[in-house]
Amino acid sequence: MAWTGAALTALVLLAVLGPLLAVALAAEGPGRLGAADLAAIRFTLLQAALSALVSVLGAIPVARALARRRFAGRRLFVALMGAPFILPVIVAVLGLLAIFGRAGWLNAGLEAVGAGTISIYGLTGIVLAHAFLNLPLAVRLILQAWLSVPSERIRLAASLGFSDADMRRHFERPILRAVLPGAFMIIFLICTTSFAVALILGGGPRATTVELAIYQAFRFEFDLGRAALLGLIQAGICIAAGLIALTLMRGGDMGGGGLDRPPLDWPGDTQRGRVVDGLAITGAGAFLLLPLGAVLLEGSAAVFGMPALVWEAALRSILVALGSTALAVGLAVPVALFAARGRGWVETLAALSISVSPLVMGTGLFLILFPVADPVALALPVTGCVNALVALPFILRALIPEVRRAEATQGRLADALGLTGWARLRLAIFPRLRRPLGFGAGLAAAFSMGDLGVIALFSAPGAATLPMEMYRLMGSYRTDDAEGAAVLLMLLALGMFWMFDRGGRVDAGA
Amino acid sequence: MLGLEGVELKLGVFHLRVDAQVPRGQRVAVLGPSGSGKSTLLSLLAGFLVPEAGRITWEGRDLTRLPPANRPMSILFQDGNLFPHLTVTQNVGLALRSDLRLTDDQAARIEETLSDVGLAGMGARRPGELSGGQQGRAALARLLLQDRPVVLLDEPFAALDPGLRTEMVRLLTALWHERALTYVMATHDLRDAERSCDRIWLLQEGRVVLDRPVEGLRDDPPDALRDWL
């Protein structure tokens, strides 16, 4: 088995690095960078920094409230904080448009009282969407740090009579100092590679990200040299941000378990604290639920009247997602078995590969395929492959620690009983991997289902995935159909996650 | 005297019910297997939990609903007794002022207490720079400055190696002699109870099934204790 794992690890590396190399080779000299490109670089960094800042600052009161309050529905709320991770980005954006958009609820309200209107396009909208998608992640990261404070220390504070101010000084500030830089950086990284948000809400000279510029160089100018150069720049930004994030996050855990542990009584509690916490929970709940509620409300009725194109696209998406999931899981298991045997560098590489922009990978694959085949005809397989590679680090993150645990316990027992090879894997190791595999497969399926990245580069009419078709509907102002498609897409992505995750839990025993 | 009068608490299927007293200046070891309610009992005494029925008293005064900080008690945990981001002086100083705005006079008292427990000159260090034994001493120094008559000890030796255990037992015994303190110590180790306490309570499924002096325990172990051992 060892050589299979090694070979597949090498294959994955090649699949990630090959396109990067293709991009590097095809890139033109930096002399071709115009003012617009420099503006795109500046805008990418600016929007990512602002998005990360808003997400993290907004998350602090929410995490604090979750850490020190017991209330009905707390577990549900914590679970909700995991949802945007598997929610298709385009659905989230449509939901935000329904609230904050030109004809949205907020502007309707503002106009009714004669306060004018606000526009969600450009920097504001991009930051808003990124905050919607990443605030929950920031909440989870901060909450995890908060709940990792030993309960003895909180009780000690109670017995020493700590006031609200003392608690802030001796608990809150040290916790935040430790967790905020890493949380900021990981969200910054995510926001530099969130193509779909920029595609829908950005554009124009003042709101174009590097990824959006790549897409435009591709689709509108078919200037492959410039697209590759921009791809190289994007890769540079991501890898730099990824390295910093990795250093800052060391020791931290992104997966997160035990977040629903009931909080202890928080010493030094005040009436004001209770009010602030209540506002944080209701505010965050409204911010996250209203857009989704709006999509469901306005889209549910439209589902049945949608054109056949949408249903065909949905079927295509399901097939791509299933293929992508099979590939991701098929790669993840041998790589995890390989990595678990003391090869920490595989884990580090996997973590770092989160920072590879799928769009850059797509550009590289296009460059590789273009001379030998018609990339457009291969749009769906390529999308599935890139989706699988994007999901891989997340699956590995869930899988590798569990393989290590299984090896340390049942693996030793199996060795003592003389089990080897396939029998050893099947009887001793795999049973322990069902849960993380189910979870990982669910993630991969949901990611692929909701992906609007590579497909936008390659896709031709008649071969679109559901998110792509939905984007087209939005572009042609067929809002009803787009909202119907959004409901379908949301149900499919969340449903697929649920089914796989559930499959890993049922009868899992341990 | 520390009194537990008909104190009751239900946590899920677990049901604790205790009627018992600790005379002032006595040292009681609460023994029992895990799940017997040792920690719950200490949490009730410290005020982290409130009983559903009954009263907890000290010298006749009702403590049942007092918050932890207002009770005549200090508590020492198995670990997690110090804040890692504060220096030893600051950690100890929390006993005097939780906002750490210390007067010169208070700073001098802290220094004095530190040298009492053998940590003279180490006030500027952080817990991470101390050995396990020194961390225990720093926590004891804070306990001394808190100057509360009752000391609750929650498995205080469980995380220590045998050498440190002996050292801590010695320190706790010296303190008790010097200040006439009352100890309530949760432990699962009979030897720790014998070395540092006068009485034992054996706790089983939330009840005190044995309450007797430590003396003569080995020569004539009661049935309940023998079963448990």
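Residues numbered from 1 in each chain as written. Chains lettered and ligands numbered in written order. Predicted model: local features only at pLDDT ≥ 70, side-chain atom pairs only at ≥ 80, totals over all residues.

S.K.: Kindly report on the overall build of chain A, identifying the contributing residues and their values.
M.R.: The secondary structure content of chain A amounts to 20 helices and zero strands. At 23 Å, chain A has a C-alpha radius of gyration in line with the 24 Å of a compact globule built from 510 residues. Here the C-alpha coordinates of chain A stretch approximately 80 × 70 × 50 Å along the principal axes. Here chain A holds 510 residues, and 50% of them are scored as buried. Taking the contacts inside chain A whose residues are at least 6 apart along the sequence as the reference set, 85% of them involve residues at least 24 apart. (Helix = DSSP H or I, 4+ residues; strand = E, 2+ residues; numbered from the N terminus. Rg over C-alpha atoms; globule rule 2.2 N^0.38 Å. Buried ≥ 20, exposed ≤ 12 C-beta atoms within 10 Å, placed from the backbone. Contact = placed C-beta atoms within 7 Å.)

S.K.: Account for the interface of chain A and chain B, naming residues and giving values.
M.R.: On the chain B side, the residues contacting the 15 residues of chain A number 16 residues. Breaking the side of chain A that touches chain B down by element, the ones donating at least two residues are α7 (151-159) and α8 (164-192) of chain A. Broken down by element, the residue count for the side of chain A that touches chain B peaks at six residues, all from α7(A). Among the residues making up the side of chain A that touches chain B, the classes are represented as seven nonpolar, four polar and four charged. (Nonpolar A, V, L, I, M, F, W, Y, C, P; charged D, E, K, R; others polar.)

S.K.: Provide a residue-level description of unusual backbone geometry, including the pertinent values.
M.R.: All names here are of chain B. Positive phi is not limited to glycine here, since Asp147 has a value of about 55°. Position of Asp147 relative to the elements: it lies in the loop between α4 (132-146) and β7 (150-154). Given 12 C-beta atoms within a 10 Å radius, Asp147 is considered exposed. Even without being glycine, Glu155 reaches a positive phi, approximately 45°. For Glu155, the position within the fold is in the loop between β7 and α5 (162-179).

S.K.: Which residues make up the pairing of strand β4 (residues 53-58) of chain B, and what are the values?
M.R.: Residues and elements named next belong to chain B. In this structure, strand β1 (residues 2-11) lies alongside β4, joined through five bridges in antiparallel fashion. Of the residues in β4, the one forming a bridge with Leu4 is Ile56. Where β4 and strand β5 (residues 61-62) come together, two bridges link them in antiparallel fashion. Within the sheet, the bridge partner assigned to Trp58 lies in β5 and is Arg61. Counting the residues that bridge the hairpin from β4 to β5 gives two residues, and of these Glu59 lies at a positive phi of roughly 50°. (Pairing = 2+ DSSP bridges.)

S.K.: Quick rundown of helix α15 (residues 358-369) of chain A? Include the residues and the values.
M.R.: All names here are of chain A. Relative to the 16 Å expected for 12 residues at 1.5 Å per residue, α15 spans 16 Å between its end C-alpha atoms, a close match to the ideal helical length. The buried fraction of α15 is high, at 10 of 12 residues. Of all the residues in α15, the buried ones are Pro358, Leu359, Val360, Met361, Gly362, Thr363, Gly364, Leu365, Phe366 and Leu367. (Expected span 1.5 Å × (residues − 1).)

S.K.: Requested: an account of the confidence of the model for chain A, with residues and values cited.
M.R.: All names here are of chain A. Of all residues in chain A, 96% attain a pLDDT of 70 or more, and the chain-wide mean is 87. Taking the mean pLDDT of every element in chain A, the minimum, 76, falls on helix α14 (residues 344-352) and the maximum, 94, on helix α2 (residues 35-68). Contacts for the low-pLDDT stretch residues 252-257, under 50 throughout, to residues beyond four places or in other chains number seven contacts. (pLDDT = per-residue confidence, 0-100.)

S.K.: Break down the sheet that holds β5(B) for me, with residues and values.
M.R.: Residue and element names in this part refer to chain B. Strand order across the open sheet formed by four strands is β2-β1-β4-β5, with antiparallel pairing between neighbours. Both outer strands of the open sheet, β2 (14-22) and β5, are each paired with one neighbouring strand and no more. Across the sheet, helix α1 (residues 38-46) is in contact with β1, β2 and β4; its angle to β1 comes to roughly 120°. (Axes fitted to C-alpha atoms, helices over the stretch in contact; angles between N-to-C directions.)

S.K.: How would you sum up the nonpolar core? Please name residues and give values.
M.R.: Residue and element names in this part refer to chain A. Val93, Ile142, Ile187, Ala332, Ala336, Leu392 and Ile395 are the most contacted members of the largest nonpolar core, which totals 238 residues. With 18 residues, helix α16 (residues 379-416) is the largest single contributor of residues to this core. With residues up to four places along the chain from it excluded, the contact list for Val93 reads Ala129, Val197, Ile200 and Leu201. (Core = buried A, V, L, I, M, F, W, Y, C linked by C-beta atoms within 7 Å.)

S.K.: Any chance you could break down the environment of Ala391(A) for me, citing the residues and the numbers?
M.R.: Residue and element names in this part refer to chain A. Mapped onto the elements, Ala391 comes out in helix α16. C-alpha of Ala391 to C-alpha of Phe447: the two residues are 56 residues apart in sequence and 7.0 Å apart in space. Apart from residues no more than four positions distant in its own chain, Ala391 is found in contact with Ala328, Leu443, Ala444 and Phe447.

S.K.: Please give an account of the packing of helix α19 (residues 466-475) of chain A against helix α20 (residues 479-505) of chain A that cites residues and values.
M.R.: All names here are of chain A. Two elements in contact, α19 and α20, have axes whose closest approach is 8 Å; the angle formed by their N-to-C orientations is 160°. It follows that α19 is roughly antiparallel to α20 by the angle criterion. As α19 runs across α20, the sense of the crossing is left-handed. Here Leu466, Pro467, Glu469, Met470, Leu473 and Met474 of α19 come into contact with α20, specifically with Asp481, Ala482, Ala485, Ala486, Leu488 and Leu489. Partitioned by chemical class, the residues of the contact of α19 with α20 number 10 nonpolar, no polar and two charged. (Parallel < 35°, antiparallel > 145°, perpendicular 65-115°, else oblique. Left-handed = near helix turned anticlockwise from the far one by under 90°.)

S.K.: Requested: an account of the pairing of strand β8 (residues 182-187) of chain B, with residues and values cited.
M.R.: All names here are of chain B. Most of β8 is tucked away: six of the six residues are buried. Covered by surrounding structure in β8 are Thr182, Val184 and Ala186 together with Tyr183, Met185 and Thr187, the residues of both alternating faces. Bridge count between strand β3 (residues 27-31) and β8: five bridges; the pairing is parallel. Each bridged residue has a counterpart across the sheet, and for Arg27 the counterpart in β8 is Tyr183. Pairing of β7 with β8 involves five bridges; the strand directions are parallel. Bridged to Leu152 within β8 is Val184. In terms of handedness, the path from β7 via α5 over to β8 forms a crossover that is right-handed. (Right-handed = clockwise from strand over helix to strand, strands pointing away.)

S.K.: Give me the confidence of the model for chain B: which residues, what numbers.
M.R.: Per-residue pLDDT for chain B has a mean of 88; in total, 100% of the residues score no lower than 70. Scored as a whole, the predicted complex attains pTM 0.83, and scored at its interfaces, ipTM 0.77.

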